[in-house]
Structure formats: C-alpha cells, structure tokens
Amino acid sequence: MDRRNFCKLAVLSSAGVGSMLLNANLTLAKGIPSGVFTGRGTDKCYAGPPKGVILTSLTDLFKIGPGPSSSHTIAPLRIADNFRQTMEEMPKDRIGNAQSIEVRLFGSLSATGRGHHTDRAIMAGLLGQKAETCDTKLMDQLQDATKKYPTTINGKTFMISHDMIVWDKIEHSYPYANTMIMRLVGKDGSIPFEREYYSPGGGFFLWKGQPEADRGKPLYPYHSMTQFKVMAKENKKSLHEIILENEKAIMKFGDREIYAHLDMVIKSMLDGVRQGLQEEGLLPAPFVFHRKAKRIYERSRKAKGGDGFMGRLSSYALAVSEGNAAGRLAVTAPTLGSAGTMPAIVSVMKEMKLSRNAMRKGLLAAGLIGFLCKNNASVAGAEVGCQGEIGVASAMAAAMITYATGASLEATEVAATIALEHHLGMSCDPVGGFVLIPCIERNAFGALKAYNAYLLATNEITSQHWEDLDRVIMAMLETGKALPTSFKEMGTGGLGVTMVDC
Ligand code: SF4
C-alpha cells in the first residue's frame, strides 16, 4: 500500500473509531457502566470518591530534613525529638526511675533502616537535633557504632548510642508498616513510660492514642478531586485560592507565613539542584557508587534539541537525589526518596522564566495532588510501593508545571492523572536498603514523565480524557495492597534480590 492510500485508510478508520467513541460518549459519562464487561474482568467496581475532610497542611507535606528517606530518616528523627520533648515535660519522679532509653524498630524500618540512616536519625533526635536545621555533619559522625554520647533530658543524663536500638520483627501486626516503639527502661527492667509511634510516609508521624490535632476547619472542605472541582465551580474560586484559604483556616496562618513557606520550599529545591550539580565522586554506600548528575548536565549542554533538554531535566533530578542519598537536607515532595522529581521541574519552570507568583501557584497545585494521594491512598513505599513515592512526586510535578503555566484546573487534574497512572504497579525494591538503586535514576524518570504528562494534558481536549484522578488514586491503593510485602521497601524483592550476588 502506498503512503497516500495508507493515509486515506487511516483517516477513514479513525473516523469510524471516532464515531464509535462519540456514540459511546453519548451514553457514558466518566466511568464505564457495569455490564459492559460482563463475562470478563472483575465484579469489583468503583464505589465513588472518598468522603471526609482533608486537614493536611502544606507545612506537613513539604518538610525539610536530612536524607535519605522521609519515612526512615526524617520521621524517626522527629519521633525521637517528640519523645525527648515528652520526657522534658514529665514529672521528675517518673524520669528519675529511668536508666536508659530503648528503641524497637519493626517492619520496613527494621528491614532497611540501616541503609536509610534510621539509627543515626533517632540518635540525632534524642541529642536535640531538629529535622529542618539538622547538622548533617553530626549525622555522619553518628554512623560510628562504637561511640556513646551523653545527653541531659529533664535533669537526668542518658547515654545515646547504637546499643539502644533493637532491630525487631519485620513481619508484625501493628496497624502501620513502619512502627517504632520508644521506651524508658528502669534499673530493675521496669518501663516507666513508652510510646508506640508510626511513620506513614513523607516524614509524617503519629502515635497510638494521640489526641486529635488542634486544627481549624477548612473553609472549603473536600476529600476528592471530584468534590474539589464542584466546590471550585460553586464558589467561583480557583485552585490556588482554595488551597490558600484552607491553609489559613486549618493552620491559622496568614498570607505572609504561607508565602514564606512556599518560597523557602522553592529555594531549597533550587539550592539542592545547584549544589548537586557541583559535586562529583562517590556516594556513601558499602559498594562503589558514583555520582553522575554533574557529568550528565555538562554533556546535555553540548547536546542539541530534545537530547539536551532531557539530559538537563534528568541531571536536575539526579543532582537532588544524589545529595539526598549523601544525607544532605532536602524537601519531602512528597518523600525524600522522591525528593529529586519536583526540583527538576521547578528548575525547568525557572528556565521558562515563570514569575514568582506563578511558581507559588504551581506549588499550591502540587500540594492539592499530594494531599489527595496521601489521604486517599499513601505516599509510603512501605505501604504501596514506589508508585506512592515517585508516582505521586511525578503527579505533583506534572500538576505544578501545568497550573503554573496558566492551564485550567481540569488540565491540571489530567496532567496529574496521566503521570500517576503510568507509575501504577511500581514496586519499591531498594538494593541493600539504600536509597540509591533504583531510587536516584527513578527520580529522573519521574521528572521526564511529569513533563510529558504536562505536554499531553495541555494539548489534548481535557473533557475527552477518560481516567480521572480519584479513580487512579484508588487504583494505586488497590495495587499497593496487592503488592507482596517484599516489594514494599524491604529490599527483599526485585532489584533488591537480583542485584545481590549469592
Ligand atoms: S524504590 Fe522508590 S519508594 Fe523505594 S526507597 Fe527508592 S524511591 Fe523510595
């Protein structure tokens, strides 16, 4: 068949398909009615968008802390800091009976905590370090398992060392995959105080019996993208206005505090890229692992067209991820394992010369996507695999650039949906429990997919897009539940097995 006839045939056949789709669209809204697939597939179906109210804040979502992992490094540090503060407030007689502190790690924290610096993070928190201002040189020193550090808490001196940490059961029945018990132990073996903590991803933490947080009610309550769009339409509000108003109401912040936080996040991301592009050499690991961001960046500057852009975008993501793997400070977006994806897109937005205001709006859109994914599924590799980390980061980045460049709420949703959909099923299989393989390169791919999702979303007719974000988030949750535990930050499946010699 010659080219002309082929083109004719293509036009005719696509017209046929188009009319079929048109007919289908006359009867189908989003979502395929049950019965269409009778006899195949599944009898399960979508039960509708989740209900409730999201109370997560931008300061919860975008946190700064030491790498390499938000769930295994930042959260344990924050937990230890919380335990220390609780001890400071205890009656003297209670703390007087205690002789030492014991920390028991369960699940993925136990399986891969050493490679994620969980032990050092706990020690740093007990020594009074805060995540966002943590002395990363001290974190490096804490690696030495022979050293003991005295610290005085509520008038009593405790020795902080690796000996206080127990790498407990990997299989357990606690309600969260990442569980950590901190306790005071008396001379006679009694336990004057203990608290059962959980690290559900993204540097968040909570504990058993925790009283409800003292937060305000959001002005525009929602728990799904479907509800968010209806509310935006009814109130004639834009995406960024709703997120801003809610942040003010939930956290009782003013505009100035919120903008200061957003600007700090953007600056930290850009700083991470800049610093990472200057560094060379090996990353800390028990095997030889070279940094490559700088080299790829320099080569990409000599490359032409798409190669140059893809290389540059990848190098930005690699730069931050390598810094994170080295234990430097980074922003949870939504986690540290995925800390390189959003900064890469922020760097591209800067190259596009978007205004500060546009960058802030983009970050607010990313915040919305992060809130929905965290509250309706998970952002923890230990719970849903890497789709919850790099997948969500890619969706947030896609939404950020789409909204920042002036696209509609609908196009922003489509961009996030596309980016997340094409990460579904991605397992978490870090080699040796280190946030190196596959994590670092995975950030570059997350950024590339985010940019592609932005291009697709801003060039298609959004009302014709089939998948919607709520359904894809539910699919992520279902897929995550179905993934074997060995593919959820255990280092015992996939690359975590095949890359290691017997
Ligand atoms: S594989 Fe993905 S989810 Fe797992 S540690 Fe690496 S970045 Fe995080």
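Each value, and the rule that gives it
- Residues numbered from 1 in each chain as written.
- Predicted model: local features only at pLDDT ≥ 70, side-chain atom pairs only at ≥ 80, totals over all residues.
- Heavy atoms only, no water.
- Domains from an automatic or database assignment.
- Contact = heavy atoms within 4.5 Å.
- Buried area = accessible area lost by both parts, 1.4 Å probe.
- Salt bridge = Lys/Arg side-chain N within 4 Å of Asp/Glu carboxyl O.
- Helix = DSSP H or I, 4+ residues; strand = E, 2+ residues; numbered from the N terminus.
- Nonpolar A, V, L, I, M, F, W, Y, C, P; charged D, E, K, R; others polar.
- Pairing = 2+ DSSP bridges.
- Buried < 20%, exposed > 50% of the residue type's maximum accessible area, 1.4 Å probe, protein only.
- Axes fitted to C-alpha atoms, helices over the stretch in contact; angles between N-to-C directions.
- Parallel < 35°, antiparallel > 145°, perpendicular 65-115°, else oblique.
- Left-handed = near helix turned anticlockwise from the far one by under 90°.

Segmenting the chain into domains produces domain 1 (69-207) and domain 2 (216-498). The distance between the C-alpha centroids of domain 1 and domain 2 comes to 29 Å. With 25 residues of domain 1 in contact, the opposing surface of domain 2 contributes 23 residues. Of the roughly 1800 Å² buried between domain 1 and domain 2 on both sides combined, carbon and sulfur atoms contribute 59%. Between the two partners, domain 1 and domain 2, sit 1 salt bridge. Where the side of domain 1 that touches domain 2 is concerned, the elements lending two or more residues are α3 (70-88), α5 (108-112) and α7 (136-141). Here the side of domain 1 that touches domain 2 gets 4 residues from one element, more than from any other, and that element is α3. Per-class residue counts for the side of domain 1 that touches domain 2 are 9 nonpolar, 14 polar and 2 charged.

Pairing is mixed across the open sheet formed by 5 strands, whose spatial order is β5-β2-β6-β7-β8. Both edges of this open sheet fall to β5 (165-167) and β8 (206-207), since each of them pairs with a single strand only. As defined by bridge partners, strand β6 (residues 179-186) adjoins strand β7 (residues 193-198) across 6 bridges and the pair is classed as antiparallel. Directly across from M182, in β7, lies its bridge partner R195.

Cis geometry is adopted by the peptide bond preceding P334, which originates at A333 and carries an omega value of -5 degrees. Residue P438 is bonded to the preceding I437 through a cis peptide linkage, with omega at 5 degrees. With respect to the helices, strands and loops of the structure, P438 is situated in the loop between α17 (409-421) and α18 (439-457). One non-glycine residue, N154, adopts positive backbone phi at about 55 degrees. Relative to the helices and strands, N154 is located in the loop between β3 (149-153) and β4 (156-160). For N154, a relative accessible area of 10% gives the class buried. In the Ramachandran plot, E489 falls in the positive-phi region, its phi being about 60 degrees despite a non-glycine side chain. Turning to its location among the elements, E489 is positioned in the loop between α19 (469-482) and α20 (495-498).

Another point: the packing of helix α16 (residues 390-404) against α18. Packed helices, taken two at a time, are described by the angle between their axes plus the distance between the axes. Closest axis-to-axis distance for the α16/α18 pair is 8 Å, and the angle between their directions is 40 degrees. Considering the angle they form, α16 stands oblique to α18. In the packing of α16 onto α18, the handedness of the crossing is right-handed. Counted together, I390, S394, A397, A398, I401 and T402 of α16 and R442, N443, G446, K449, A450, Y451, A453 and Y454 of α18 form the full contact between these two elements. Along the lines of polarity and charge, the residues of the contact of α16 with α18 split into 8 nonpolar, 4 polar and 2 charged.

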